[in-house]
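Chain and residue survey
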Amino acid sequence: MEKTLKEKTTSAFTWSFIDKFGLQALTFIIGIILARYYLTPSDYGLIGMLAIFIALSGILMDSGFSYAIIRKKDMTDDDLNSVFYFNIAISLLLYGILFFAAPYIASFYNQPMLIWICRASTLIILVNASSNIQYALFLKELRFRLIAVANLSGLSVAVIAAFLMAVYGFGVWVLVWQNIIFITVRNIILWFASKWKPGFTFKAASILSLWKFSAGVMLTGTLNTVFNNIFSLLIGKFYPLKEVGYYAQANKFSELTSGTIGVTIQTVSYPVLSQIANDDERFIRAYRKMIRVTSFLSFPILFGLAAAAHPLIRVLLTDK
């Protein structure tokens, strides 16, 4: 018997919470170990300086097409193939730009190490482009269980690798390769778990039809990414490297719980709401409920973290 939309939504929220909080728990544990015993604030600062470039590249590579795929009901193989090859082409272009711009980024921050860190870190743009369609289709079909398995498997492998690299003194490269390994393993699982594989067609008409919606999503994502990461860029330019590390870690802790709740609900709500977009009353009722749930869970956590910030950081990360 096929599940109702309510049953699918409940299952999707359950697996999305398992996914997001599982990821945060693993990240939190390895982060505490690395920060306490192996890495310095400056190591985190180097990665924080690149956050805006990596995040912007991810937004531009996708170009909002993932949301367009989830939203469009009559998606064809030509549409999917066209978006796949478009994403691959944009990812190659973006990686090429960042590869050759790396010396200028390093010069801007006056950190020569950033040249090869930038060139390695941005490899995730290419990896993500290879399975962007599969991920969007799984979201569209509310198959969050499979997404959770892929994410948690990928991060588990990455955490083990990161710990071993930290023990052997890889320094900041632990953070670089942890991200690359996580994304690579995750996307390999998504690729082989998906029934869809790219064909050899490309139609500009498909891109143009989806672009009418995706362009607005891309613009919104770009503005949001710039706003969320502009402080790391400015702190990195005008303050010592370790200050960027302090800010990056503090920001990560602030997003650890409330941010996870918001992302979890948003990830599930978009494909669910897309399925009832033509029923205004039902759409508004569901949207209001999601806002209430997000606020009810997030506000107490935010105020609690603010109140407990001083002892919490000293206990978890030590005085350094």
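Residues numbered from 1 in each chain as written. Predicted model: local features only at pLDDT ≥ 70, side-chain atom pairs only at ≥ 80, totals over all residues. Heavy atoms only, no water.

A look at helix α7 (residues 132-140)
With seven of nine residues buried, α7 lies mostly within the body of the structure. The positive-phi residue at the C-terminal boundary of α7 is L142, with phi of around 60°. (Buried < 20%, exposed > 50% of the residue type's maximum accessible area, 1.4 Å probe, protein only. Helix = DSSP H or I, 4+ residues; strand = E, 2+ residues; numbered from the N terminus.)

Regarding the pattern of salt bridges
Overall, the coordinates contain four salt bridges when judged by the stated rule. Among the salt bridges present, the one from K20 reaches D19, with a minimum N-O distance of 3.4 Å. The pair formed by K20 and D19 is uniform in burial state, with each residue classed as buried. The partner of K72 in a salt bridge is D79, with the nearest N and O atoms 3.0 Å apart. (Salt bridge = Lys/Arg side-chain N within 4 Å of Asp/Glu carboxyl O.)

Some points on helix α11 (residues 241-256)
Over its 16 residues, α11 extends 23 Å from the first C-alpha to the last, a length consistent with the 22 Å expected when each residue adds 1.5 Å. Residues L241, V244, G245, A248, Q249, F253 and L256 constitute the buried set of α11. When α11 is viewed along its axis, its buried side chains cluster within an angular range of 165° and face the same direction. (Expected span 1.5 Å × (residues − 1). Arc of directions from axis to C-beta.)

Comments concerning the environment of A204
Position of A204 among the secondary structure elements: in helix α10 (residues 204-238). Between the alpha carbons of A204 and D79 there is a distance of 9.2 Å; along the sequence they are 125 residues apart.

Regarding the packing of helix α2 (residues 41-62) against helix α4 (residues 77-109)
To characterise two packed helices, one gives the angle between the axes of the helices and the distance between these axes. Contact geometry of α2 with α4 gives a least axis separation of 10 Å together with a crossing angle of 160°. Considering their axes alone, α2 and α4 lie roughly antiparallel with respect to each other. Once α2 is placed against α4, the crossing between them reads as right-handed. Note on element contacts: α4 touches α2 through N87, I90, S91, L94, L98, I105 and Y109, opposite M49, L50, F53, S57, L60, M61 and D62. (Axes fitted to C-alpha atoms, helices over the stretch in contact; angles between N-to-C directions. Parallel < 35°, antiparallel > 145°, perpendicular 65-115°, else oblique. Left-handed = near helix turned anticlockwise from the far one by under 90°. Contact = heavy atoms within 4.5 Å.)

Regarding the packing of aromatic side chains
With the rule as written, the count across this model stands at 12 aromatic pairs. Ring geometry for F84 versus W196: centroids 5.9 Å apart, planes at 65°, classification edge-to-face. Of this pair, F84 sits in helix α4 while W196 sits in the loop between α9 (173-193) and α10; the two residues are 112 residues apart in sequence, bridging distant segments of the chain. Per residue, the accessibility class of F84 equals that of W196, and both read buried. Sitting over the face of the ring of F99, R119 holds its NZ or CZ atom 4.1 Å from the ring centroid. Above the ring of Y135, the side-chain terminus of R186 is found at 4.8 Å from the ring centroid. (Phe/Tyr/Trp six-rings, centres within 6.5 Å; stacked < 30°, edge-to-face > 60°. Lys NZ or Arg CZ within 6 Å of the ring centre and 35° of its normal.)

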